[in-house]
Amino acid sequence: MHNMMHAITTCAVIAATISSAFAQACAAGAAKEIGGNWYCDAVKAITYSDFGSTGSYNKITNMDGGNCQSESFDYSGALAPMDGEVSWHFRGPLNLKQFAFYAPGSGFNKQDMEPESHERRQHGHAHFHKRNKGVGSIQEGYITGEKREVGALVIATIDGKVASWINQYDGGAQPTATPDSSAAQSATEVAAKAATPTMNAGDGQWGRQAYYNAEQQMADGLTFLNNMGGQGSGVFDEVLGMSLSYAAADAKSGAASPQILANQMLGDGDEIVVMTDIPCKDGDCGVTRPGGVAYHGFNGAKKVFLLEFDMPLSGATGWNMDMPAAWILNAQIPNTMQYGKPECSCWESGCGEWDIFEVLDSGNTRCKSTIHGNISGGDSNYFDRPVDSTIKVAVIFDGDNSAGHIVILPDEASFDQTLTDAEVAEYVNQDSFGVARSLFRLGS
């Protein structure tokens, strides 16, 4: 959790300073203040330019005994510090129907993906993520080109039943199924397929590295987690609270092993974390919470995520009620501490958060987007909250042009195993979509 008093004070100062400026920046008569946050116009896409920066944050170096230590870590790059491993986070009420992660194949054809749009440089909302009361726990990874290793856990639905097994396929000849069990043969075939997802789609292509489909109960290349350590997996103590854990299918508790997120709505305030299926080991994620569950995030300065979800109105009021959200964090944050002691997380020192769709007060039908870090900002334009039906969204990390894009896609958009450079460029430029777009320049 963000340091609450610090966040409240900071947000109040920001709101008081910029509210008038943002109201003036909106189109005549468009500015609307709700709960201390300014909203201009509904849009279908937001692009952040000058996304990357040069700076430093406090990287956690030790968490033993709850006495956290850190050291300054320098970063620089077109999307830095979000060009490294990131995690996805969802809070209900929300139905996540599909999720996919794509990485470019070798020989990637650089596209000019700079959208042509009227720039908007306004942002203003009082913002901080709030952890559910009574849960004492704060807010690096998918490695492009790496095959799923032998020993990794594979989860799949076979003949309508969830099955899991340890991958024994090393990319060579497929393993031979035991002759006395058709179920074992099916599992072996699925294991072979799951062990070799499309890692390198080739020139001009983006390969799907991870995919979830709620209706099909299919989860490949990813893991569902939550901050419920001590409930089946992970740990809990009075100093650091709850670590990451495997999430139960309904996301309301922890679980002893990876589960597929059920095809049902995340409840009010319930949260889920999505990371790759590659567990951290031997320090390859940096320092992680001792005894906690820890996984790699989705890596790369060029990456594409496709999502399908809705955010129904629940009518609930109170702490985090009827306030759904979808956001991205530097994966070091959940692997150390997402909610709790701020000195045990790199968040406060600016390691990176990107809010994609966030409702800021109960029952609001407008969703904001914001970037938090050493360079922060966000648009006062907003996305309409998808309350009655699902929407499909592309989130694009464009390392070539130091830009980040959030685009609502046509309903017919598909989550195929590969995307072409032309398709990704079309998502960014959307000329054929005819949608309203906003361009926000960070650091302005």
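Residues numbered from 1 in each chain as written. Predicted model: local features only at pLDDT ≥ 70, side-chain atom pairs only at ≥ 80, totals over all residues. Heavy atoms only, no water.

Undergrad: Help me understand the overall build of the protein chain, please; the structure alone is not making it clear to me.
TA: Broken down by element type, the protein chain carries 4 helices and 27 strands. Across the 444 residues of the protein chain, 56% fall into the buried class. For the protein chain, the computed accessible surface area is about 17,100 Å², with 47% contributed by carbon and sulfur atoms. (Helix = DSSP H or I, 4+ residues; strand = E, 2+ residues; numbered from the N terminus. Buried < 20%, exposed > 50% of the residue type's maximum accessible area, 1.4 Å probe, protein only. Areas by Shrake-Rupley, 256 points an atom, 1.4 Å probe, with all protein chains shown as cover.)

Undergrad: Would you explain the confidence of the model for the protein chain in this entry?
TA: Residues of the protein chain with pLDDT of at least 70 account for 70%, and the chain-wide mean is 79. Across residues 1-24 the pLDDT falls below 50, and counting only partners more than four positions away or on other chains, this stretch makes 40 contacts in the model. Confidence drops under pLDDT 50 across residues 107-148; counting only partners more than four residues distant or on other chains, this segment forms 192 contacts. (pLDDT = per-residue confidence, 0-100. Contact = heavy atoms within 4.5 Å.)

Undergrad: Is there a simple way to think about the state of the cysteines in this case?
TA: Here a disulfide denotes one covalent bond, and it connects the sulfur atoms of two cysteines. One pass over the structure, following the stated rule, counts 3 disulfides. The residue that forms a disulfide with Cys-346 is Cys-351, at a sulfur-sulfur distance of 2.2 Å. As the torsion about the S-S bond is roughly 70 degrees, the Cys-346-Cys-351 disulfide counts as right-handed. Cys-351 sits in the buried class, given a relative accessible area of 0%. (Disulfide = S-S within 2.5 Å.)

Undergrad: How do you make sense of the pairing of strand S7 (residues 95-104) when you look at a structure like this?
TA: Successive residues of a regular strand alternate their side chains across the two faces of the sheet. Taken across its 10 residues, S7 has 9 buried, putting it largely inside the fold. With 7 bridges connecting them, S7 and strand S18 (residues 302-310) associate as antiparallel partners. Of the residues in S18, the one forming a bridge with Ala-100 is Leu-306. (Pairing = 2+ DSSP bridges.)

Undergrad: I tried to follow the nonpolar core on my own but got confused; where do I start?
TA: A general trend in soluble globular proteins is that nonpolar side chains are found buried together. Ranked by internal contacts, the top residues of the largest apolar core, which has 47 residues, are Trp-88, Phe-90, Phe-99, Trp-354 and Phe-357. If near-sequence neighbours (up to four positions away) are discounted, Trp-88 is found in contact with Phe-99, Ile-272, Val-273, Val-274, Phe-298, Phe-305, Leu-307, Ala-326, Trp-327, Ile-328, Ile-356 and Val-395. (Core = buried A, V, L, I, M, F, W, Y, C linked by side-chain atoms within 4.5 Å.)

Undergrad: I would appreciate a short explanation of the pattern of salt bridges in the present structure.
TA: Side-chain pairs of opposite charge can arise where the charged atoms are in close proximity. Inspection of the entire model under this criterion finds 5 salt bridges. Two residues, Arg-289 and Asp-237, come together in a salt bridge whose shortest N-O distance is 3.2 Å. Here the residue Arg-289 occupies a position in the loop between strand S17 (271-276) and S18, and Asp-237 occupies one in strand S13 (residues 236-237), the gap between them amounting to 52 residues. Asp-237 sits in the partly exposed class, given a relative accessible area of 30%. (Salt bridge = Lys/Arg side-chain N within 4 Å of Asp/Glu carboxyl O.)

Undergrad: Looking at this structure, I do not really get the environment of Arg-441. What am I missing?
TA: Within the secondary structure, Arg-441 sits in strand S27 (residues 437-441). Sequence spacing of Arg-441 and Gly-378 is 63 residues, and the spatial spacing of their C-alpha atoms is 8.7 Å.

Undergrad: Which parts of the structure should I look at to understand the pairing of strand S10 (residues 205-213)?
TA: Of all 9 residues making up S10, 8 are buried, and the element is well covered by its neighbours. Both S10 and strand S26 (residues 418-420) contribute to a ladder of 3 bridges, which runs antiparallel. By the bridge assignment, Gln-205 is partnered in S26 with Thr-420. Sheet topology note: the S10/strand S11 (residues 218-220) ladder contains 3 bridges and is antiparallel. When the bridges of S11 are listed, Tyr-212 appears paired with Ala-219. Where S10 hands over to S11, the hairpin turn is made up of 4 residues, of which Gln-217 adopts a positive phi near 50 degrees.

Undergrad: Would you explain unusual backbone geometry in this entry?
TA: In terms of backbone geometry, most residues other than glycine have negative phi values and most peptide bonds are trans. For the peptide bond that leads from Ala-80 to Pro-81, omega is 5 degrees, which places it in the cis range. Residue placement: Pro-81 occurs in the loop between strand S5 (69-76) and strand S6 (86-91). The linkage connecting Gly-92 with the following residue, Pro-93, adopts the cis geometry, with an omega of 10 degrees. Position of Pro-93 among the secondary structure elements: in the loop between S6 and S7. The residue Asp-50 is not glycine, and still its phi comes out positive at about 50 degrees. A residue is classified by how much of its surface remains accessible, and Asp-50, at 40% relative accessible area, is partly exposed.

Undergrad: Just checking my understanding: could you explain the packing of aromatic side chains for this structure?
TA: Here a ring pair, both rings aromatic, is described through the centre-centre distance and the interplanar angle of the planes. One pass over the structure, following the stated rule, counts 22 aromatic pairs. Between the aromatic rings of Trp-88 and Phe-99, the centroid separation amounts to 5.9 Å while the plane-to-plane angle is 80 degrees, which identifies the pairing as edge-to-face. On the criterion of sequence distance, the pair formed by Trp-88 in strand S6 and Phe-99 in strand S7 is long-range, its members being 11 residues apart. Judged by its relative accessible area of 1%, Phe-99 falls in the buried class. Ring geometry for Phe-90 against Phe-99: centres 6.5 Å apart, planes inclined by 85 degrees, an arrangement best described as edge-to-face. (Phe/Tyr/Trp six-rings, centres within 6.5 Å; stacked < 30°, edge-to-face > 60°.)

Undergrad: What is the right way to look at the side chain of Asn-381 in this model?
TA: Topologically, Asn-381 is positioned in the loop between strand S22 (377-378) and strand S23 (383-384). You can call Asn-381 buried: its relative accessible area is 0%. Side-chain polar atoms of Asn-381 contact the backbone nitrogen of Asp-41, separated by 3.0 Å. One polar contact links Asn-381 to Asp-379, side chain to side chain, over a distance of 3.1 Å. (Polar contact = N/O pair within 3.5 Å; in protein donor to acceptor, adjacent residues only side chain to side chain.)

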